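# Structural features, examined
Here is what each chain is made of, one letter per residue.
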Amino acid sequence: MFKKFTDGITNKLIGCFYNPPTFCCNKIACTNTANGYPDVDDLNNVVLIRVYGNKTDLLIDREKEIENIKLLHSYQFAPSLYAIFKNGLAYEFVPGVTLNPDNVLQPELWSLVAKRMAEMHRIVDAKDASKPMPPMLLKKMERFFDLVPSRFSKAQLHKRLEGTFLPVERMRQEFAQLYKRLETLNSPVVFSHNDLLLGNIVYTQDVQKVTFIDYEYADYNYQAFDIGNHFAEFAGVDTVDYNRYPNREFQLKWLRVYLENYLLKTDITVDEIECLYVQVNQFALAAHFFWTIWSLVQAEYSTIDFDYAEYAFLRYQEYLAKKDEFLALSNYQN
């Protein structure tokens with residue numbers, strides 16, 4: 001039996017089942033447990049098939065993605081990869097539920113995410129630590145900018161976008177100024193997921209574990225970008241609400257747990273937390289910019305039923321709304 005899932009806005013995801021499961025609300029039913037989480041034993045008969053979205057090879061290095069999955073699986077951070085084909089791949093299904101704007105605020109869940117991210121940043125390191133890896137952010141953004149068409153193929157879409165985003169050179173200059181500022185923060189470069197939206201985190205209650213999935217954008221990058229991007233994704237995707245962006249109190253608790261596991265010590269200082277807090281929120285601006293330009297490219301090429309133009313506006317408006325506030329942050333904020 002085959003079942004198409006609709007959560008992704010980059011690819012199409014299909015579950016292949018040996019024995020048909022029960023479904024509810026387009027998700028695998030989880031009525032076998034009182035708390036609503038899936039029964040792991042009932043889901044061992046499924047393999048996931050990911051079919052790449054149209055022209056996504058322009059945005060994503062698919063060979064690098066395969067390398068990433070294999071690398072991360074060797075560290076037990078990624079599911080098993082079963083097969084590769086021309087426009088997709090087959091991989092292990094991770095039983096559990098994906099996070100959402102409500103459950104990600106539960107201490108027992110966000111603390112698992114903070115620990116898991118810290119472990120990935122600490123453990124999955126360069127093959128030769130004496131040769132630091134460059135962060136991917138600038139190179140990837142340059143690639144995205146180059147892919148934004150000077151004129152969109154759909155006249156109505158072009159008219160909708162031109163006042164805010166075109167010519168794209170203006171956006172390129174804006175990002176260059178931001179990046180110059182972010183470089184001065186000296187955020188460590190670590191192996192990062194770079195796309196840790198809530199739907200890419202699976203919680204398996206039986207073993208009290210979170211698993212990160214979909215490593216299409218994984219690469220060495222700034223530590224603060226990975227965290228800031230994750231915080232920005234608290235807003236959701238289908239219904240975006242940036243009032244859900246985590247407040248200072250929540251962030252400080254999250255960052256303390258992260259640093260305890262990243263630095264492997266319990267005596268984390270206030271200054272260490274404050275420093276990372278500033279870095280994370282300023283790099284969250286780069287995350288908004290990253291997905292703004294990504295959305296413009298997708299608006300031209302993707303065949304998935306999603307309003308990428310509207311998403312570009314949402315991300316860029318939030319960038320503008322928070323720019324001055326976040327760039328004014330100081331490591332010595334009380």
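Anything mentioned here points back to the structure above.
Attention here is on the structure that accompanies the text. This is a predicted model, so every value here is computed, not measured.

## Some thoughts on the packing of aromatic side chains
Scanning the model with the defined rule gives 28 aromatic pairs in all. An angle of 35 degrees between the planes, with centres 5.9 Å apart, marks the rings of Phe 175 and Tyr 179 as tilted. Taken together, the positions of Phe 175 and Tyr 179, both in helix 5 (residues 168-183) and four residues apart, correspond to about one turn of that helix. Grouped by ring-pair contacts, the aromatic residues Phe 145, Phe 165, Phe 175, Tyr 179, Tyr 222, Phe 283, Phe 289, Phe 313, Tyr 316 and Tyr 319 constitute a single cluster. Looking at Arg 248, its charged tip hangs above the ring of Tyr 277, at a distance of 5.0 Å from the centre.

## Re unusual backbone geometry
The peptide bond linking Leu 166 to Pro 167 adopts the cis configuration, its omega dihedral lying at 0 degrees. Backbone geometry at Leu 264 places phi at a positive 55 degrees, although glycine is not the residue there. Within the fold, Leu 264 resides in the loop between helix 7 (248-262) and helix 8 (270-301).

## A short note on empty space enclosed by the protein
Summed over the entire model, instances satisfying the criterion amount to one cavity of 30 Å³ or more. Quantified by volume, the largest cavity comes out at close to 70 Å³. Around the largest cavity sit Arg 50, Ile 69, Pro 79, Ser 80, Tyr 91, Ile 213, Asp 214 and Tyr 215, which together line it. Of the residues that constitute the lining of the largest cavity, the class distribution is five nonpolar, one polar and two charged.

## Remarks on the layout of surface pockets
Estimates place the volume of the second largest pocket at around 440 Å³. Lining the second largest pocket are 19 residues, with Asp 61, Met 136, Lys 139, Lys 140 and Asp 219 sitting closest to its centre. Of all the secondary-structure elements, those providing two or more residues to the lining of the second largest pocket are helix 1 (62-74), helix 3 (137-147) and strand 12 (219-222). Take the lining of the second largest pocket: its biggest share by element is three residues, from helix 3. Among the residues making up the lining of the second largest pocket, the classes are represented as ten nonpolar, one polar and eight charged.

## As for the pairing of strand 11 (residues 209-212)
Here strand 10 (residues 201-204) pairs with strand 11 via four bridges, running antiparallel. What sits directly across from Tyr 203, in strand 11, is Val 210. Hairpin connection of strand 10 to strand 11: four residues between the antiparallel strands, including Gln 208 at a positive phi of 50 degrees.

## Some details on the environment of Ser 153
In this fold, Ser 153 is placed in the loop between helix 3 and helix 4 (155-165). Judged by relative accessible area, which is 57%, Ser 153 ranks as exposed. Sequence separation of Ser 153 and Glu 300 is 147 residues, and the distance between their C-alpha atoms is 7.0 Å. Within the structure, Ser 153 has its side chain in polar contact with the side chain of Glu 300 (distance 3.0 Å).

## A word on the nonpolar core
Side chains that are nonpolar tend, in soluble globular proteins, to be buried together. In this structure, Leu 137, Trp 254, Tyr 258 and Phe 289 are the most contacted members of the largest nonpolar core, which totals 94 residues. At 18 residues, the largest contribution of residues to this core is made by helix 8. For Phe 289, the residues in contact, after removing those within four places along its chain, are Met 141, Phe 145, Met 171, Glu 174, Phe 175, Leu 178, Tyr 316 and Tyr 319. If you look at the next biggest cluster of nonpolar residues, it comprises nine residues, including Phe 17, Leu 48, Ile 66 and Leu 89.

## Focus on the sheet that holds strand 8 (residues 97-98)
As summarised here, the arrangement of the three strands in space is 8-10-11, forming an open sheet in which the pairing is antiparallel. Looking along the sheet, the strands with just one partner apiece sit at the ends: strand 8 and strand 11.

## Re helix 3
Taken together, the buried positions of helix 3 are occupied by Leu 137, Lys 140, Met 141, Phe 144, Phe 145 and Leu 147. All buried residues of helix 3 lie within an arc of 160 degrees about the axis, which places them on one face of the element. Exposed side chains of helix 3 directed beyond 90 degrees from the buried face belong to Lys 139 and Asp 146. Buried residues along helix 3 sit against helix 5, strand 12, helix 6 (223-232) and helix 8.

## Some thoughts on the packing of helix 8 against helix 9 (residues 308-327)
Contact geometry for helix 8 and helix 9: axes closest at 8 Å, N-to-C directions at 160 degrees. Judged on the interaxial angle alone, helix 9 and helix 8 are roughly antiparallel. At the point where helix 8 passes helix 9, the crossing takes the left-handed sense. Tallied by class, the residues present in the contact of helix 8 with helix 9 amount to 15 nonpolar, six polar and four charged.

## Examining the pattern of salt bridges
Inspection of every chain in the model, using the stated rule, returns ten salt bridges. Between Arg 160 and Asp 307 there is a salt bridge, with its nearest N and O atoms 3.1 Å apart. Here Arg 160, found in helix 4, pairs with Asp 307, found in the loop between helix 8 and helix 9; they are 147 residues apart in sequence, far enough to count as distant. Residue classification places Arg 160 among the partly exposed residues on the basis of a relative accessible area of 37%. For Asp 307, a relative accessible area of 39% translates into the label partly exposed.

Definitions and limits used
Residues numbered from 1 in each chain as written. Predicted model: local features only at pLDDT ≥ 70, side-chain atom pairs only at ≥ 80, totals over all residues. Heavy atoms only, no water. Phe/Tyr/Trp six-rings, centres within 6.5 Å; stacked < 30°, edge-to-face > 60°. Helix = DSSP H or I, 4+ residues; strand = E, 2+ residues; numbered from the N terminus. Lys NZ or Arg CZ within 6 Å of the ring centre and 35° of its normal. 1 Å grid on protein atoms, 1.4 Å probe; cavity = no way out; pocket = protein on both sides within 12 Å on 5 of 7 lines; lining within 4 Å. Points joined across faces, edges and corners; volume = space filled by probe spheres on them. Nonpolar A, V, L, I, M, F, W, Y, C, P; charged D, E, K, R; others polar. Pairing = 2+ DSSP bridges. Buried < 20%, exposed > 50% of the residue type's maximum accessible area, 1.4 Å probe, protein only. Polar contact = N/O pair within 3.5 Å; in protein donor to acceptor, adjacent residues only side chain to side chain. Core = buried A, V, L, I, M, F, W, Y, C linked by side-chain atoms within 4.5 Å. Contact = heavy atoms within 4.5 Å. Arc of directions from axis to C-beta. Axes fitted to C-alpha atoms, helices over the stretch in contact; angles between N-to-C directions. Parallel < 35°, antiparallel > 145°, perpendicular 65-115°, else oblique. Left-handed = near helix turned anticlockwise from the far one by under 90°. Salt bridge = Lys/Arg side-chain N within 4 Å of Asp/Glu carboxyl O.

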